[in-house]
Amino acid sequence: MTDEFRPERALVIAAHPDDAEFLCAGTVAMLASQGCEVTYLLATSGDKGTRDHAMTMQELAAIREAEQRRAAAILGVRRVVFLGHPDGGLEETLELRGQFVRAIREHRPNLVLTWDGFRPGFNHRDHRVVGRVARDAVFPAAHDHLYHPEHREDGLPPHRIDELWLFGSDAPDHHVDIEPYADQKLDALLAHASQMDGRTREDMKKLWEARADQVKERTGFRFAEAFRRVDNRRRAPGQTQRDTPAARQTGER
């Protein structure tokens, strides 16, 4: 994080348990250490991804939710919210957008982190759907009072976030140094025991070390998390996005 942008509240919108730990756990740990109030919003409970033929969807969902809560606690996440949609069954619906908008208006984050729903190539459908719907929720729905006006009855006024960080992007323009938080990220990943396929802490550390030189050459840091950064601030008349602090820092032109 930079001196220019230190959010007080952040909302991570993900499709499945473990999405955030793989893609942005180090960043989440850093935010929490700086006093940022972080909330996780998960569209599903990951009730499909298993090779255990004796496992039911209900049992798997309970396991994955418990693992996600343990991982979030390790990182300092304040709360974890599950929407309970079926794994692999997400659609770009007004209902899902309304749930995301409600969360934004309720928790009032300065920063939202979510999937890049527009990445080409192989990608889980749920990831694509969550990324696209979350972006529609951020802009313009959450800050326009005529979208989802039913929220006003619950005392939830419109809210405009400052920045949107897209993880899993094929064109990242912002990298966060997570080396000071690498152990926390590892601990959080290992909390998802049902998804580790027997990988140990040492296995994960060896994998990271093997990639460290390539990561540093690409990002400037040995251990980094990558995002496509979108500035959503209101701008003065005549000011373009390239004139904002986020654009100046990331070199956007």
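Parameters and conventions
- Residues numbered from 1 in each chain as written.
- Predicted model: local features only at pLDDT ≥ 70, side-chain atom pairs only at ≥ 80, totals over all residues.
- Heavy atoms only, no water.
- Helix = DSSP H or I, 4+ residues; strand = E, 2+ residues; numbered from the N terminus.
- Rg over C-alpha atoms; globule rule 2.2 N^0.38 Å.
- Buried < 20%, exposed > 50% of the residue type's maximum accessible area, 1.4 Å probe, protein only.
- Contact = heavy atoms within 4.5 Å.
- Areas by Shrake-Rupley, 256 points an atom, 1.4 Å probe, with all protein chains shown as cover.
- Lys, Arg positive; Asp, Glu negative; His and termini not counted.
- Charge placed at Lys NZ, Arg CZ, Asp CG, Glu CD.
- Pairing = 2+ DSSP bridges.
- Axes fitted to C-alpha atoms, helices over the stretch in contact; angles between N-to-C directions.
- 1 Å grid on protein atoms, 1.4 Å probe; cavity = no way out; pocket = protein on both sides within 12 Å on 5 of 7 lines; lining within 4 Å.
- Points joined across faces, edges and corners; volume = space filled by probe spheres on them.
- Right-handed = clockwise from strand over helix to strand, strands pointing away.
- Expected span 1.5 Å × (residues − 1).
- Phe/Tyr/Trp six-rings, centres within 6.5 Å; stacked < 30°, edge-to-face > 60°.
- Core = buried A, V, L, I, M, F, W, Y, C linked by side-chain atoms within 4.5 Å.
- Salt bridge = Lys/Arg side-chain N within 4 Å of Asp/Glu carboxyl O.

K.L.:
Looking at this structure, I do not really get the overall build of the protein. What am I missing?
P.N.:
Scanning the protein for helices and strands turns up 7 helices and 7 strands. The N-to-C order of helical and strand elements in the protein reads β-α-β-α-β-α-β-α-β-β-α-α-β-α. For 253 residues, the compact-globule formula gives about 18 Å, and the C-alpha radius of gyration of the protein, at 18 Å, lands near that figure. Classification of the 253 residues of the protein by burial places 49% in the buried group. Taking contacts inside the protein between residues at least 6 apart in sequence as the whole, the part at least 24 apart equals 78%. Approximately 12200 Å² of the protein is accessible, and the part contributed by carbon and sulfur atoms is 48%. Within the protein, the 42 negative side-chain charges are centred at a point lying 3 Å from the centre of the 37 positive side-chain charges.

K.L.:
Even after reading the chapter, I still don't get the sheet that holds strand S2 (residues 37-44), so can you show me in this structure?
P.N.:
Strand-to-strand pairing in sheets goes through backbone hydrogen bonds, with the strands running parallel or antiparallel. Taken in spatial order, the 7 strands make up an open sheet running S3-S2-S1-S4-S5-S7-S6, and their pairing is mixed. Where the open sheet ends on each side, the last strands, each with one partner, are strand S3 (79-85) and strand S6 (174-177). Taken over all neighbouring pairs, the strand axes of this sheet differ in orientation by 25 degrees on average, direction set aside. Bridge count for strand S4 (residues 111-115) against strand S5 (residues 163-167) is 5 bridges, and the pairing is parallel. Residue valine 112 lies in a different strand from S5, and its bridge partner there is leucine 164.

K.L.:
What exactly am I supposed to notice about the layout of surface pockets here?
P.N.:
With a probe scaled to a water molecule rolled over the atoms, the places where space remains empty come into view. Here the largest pocket is characterised by a volume of approximately 680 Å³. Surrounding the largest pocket, 25 residues form its lining, Phe22, Trp208, Arg211, Val215 and Ala224 being those nearest its centre. Of all the secondary-structure elements, those providing two or more residues to the lining of the largest pocket are helix H1 (19-33), helix H5 (182-190), helix H6 (201-219) and strand S7 (224-231). When residues of the lining of the largest pocket are assigned to their parent elements, the largest contribution, 8 residues, is made by H6. Of the volumes computed, that of the second largest pocket is approximately 580 Å³. Lining the second largest pocket are 23 residues, and of these His16, Asp18, Gly49, His124 and Gln195 lie nearest its centre. With 3 residues, H1 is the largest single contributor of residues to the lining of the second largest pocket.

K.L.:
Whenever I open this one, the environment of tyrosine 147 confuses me. Can you help?
P.N.:
Within the secondary structure layout, tyrosine 147 lies in the loop between helix H4 (125-138) and S5. When the C-alpha atoms of tyrosine 147 and proline 158 are compared, they prove to be 8.9 Å apart, with 11 residues separating the residues in sequence. Not counting residues up to four positions away in its chain, the partners in contact with tyrosine 147 are Arg97, Arg105, Pro140 and Ala141.

K.L.:
Just to check I follow, could you spell out the pairing of strand S1 (residues 9-14) for this structure?
P.N.:
Every other side chain in a regular strand lies on the same face of the sheet, so the side chains alternate between the two faces. By the criterion of burial, S1 is predominantly enclosed, with 5 of the 6 residues buried. By the bridge criterion, 6 bridges tie S1 to S2 in an arrangement that is parallel. Paired with alanine 10 across the two strands is valine 38, which belongs to S2. In this view, the connection linking S1 to its parallel neighbour S2 by way of H1 has right-handed handedness. Sheet analysis places S1 next to S4, joined by 4 bridges and oriented parallel. Within S4, the position partnered with isoleucine 13 by the bridge is threonine 114.

K.L.:
I keep staring at H4 and nothing clicks. Help me out?
P.N.:
Structural remark: α-helix, 3.6 residues per turn; residues separated by three or four positions point the same way. Taking 1.5 Å of rise per residue, the 14 residues of H4 would be expected to cover 20 Å, and the 20 Å separating its terminal C-alpha atoms lies within 8% of that figure. If you check which residues of H4 are buried, you get Asp126, His127, Val129, Val130, Gly131, Val133, Ala134, Ala137 and Val138.

K.L.:
Looking at this model, I keep getting lost on the packing of aromatic side chains. Mind explaining?
P.N.:
The geometry of an aromatic ring pair comes down to the distance between the two centres and the angle between the two planes. Scanning the entire structure with this criterion turns up 4 aromatic pairs. Between the aromatic rings of tryptophan 115 and phenylalanine 167, the centroid separation amounts to 5.2 Å while the plane-to-plane angle is 70 degrees, which identifies the pairing as edge-to-face. With a gap of 52 residues between them, tryptophan 115 in strand S4 and phenylalanine 167 in strand S5 connect regions that are remote in the sequence. For the pair tryptophan 115 and phenylalanine 167, one class covers both residues: buried. Measuring from centroid to centroid gives 5.9 Å for tryptophan 208 and phenylalanine 223, while their planes differ by 50 degrees, and the two rings are tilted.

K.L.:
Where do I start with the nonpolar core in this structure?
P.N.:
The nonpolar side chains of a soluble globular protein tend to be buried, and buried together. By size, the foremost hydrophobic cluster in this structure holds 60 residues, and its most contacted members are Val12, Val38, Tyr40, Phe100 and Leu113. No other element matches the 7 residues that H1 contributes to this core.

K.L.:
I'm lost on the pattern of salt bridges in this one. Help?
P.N.:
A side chain of one charge can pair with a side chain of the opposite charge if their charged atoms are brought near each other. Here the structure, examined in full by the defined rule, presents 18 salt bridges. Between lysine 48 and aspartate 47 there is a salt bridge, with its nearest N and O atoms 3.3 Å apart. Arginine 125 is the partner of glutamate 91 in a salt bridge, and the nearest nitrogen-oxygen pair spans 2.6 Å. In this pair, glutamate 91 sits in the loop between S3 and helix H3 (94-107) while arginine 125 sits in helix H4, placing the two residues 34 residues apart along the sequence. Look at the salt bridges and you will find they share partners, linking Glu163, Arg229, Asp231 and Arg233 into a network.

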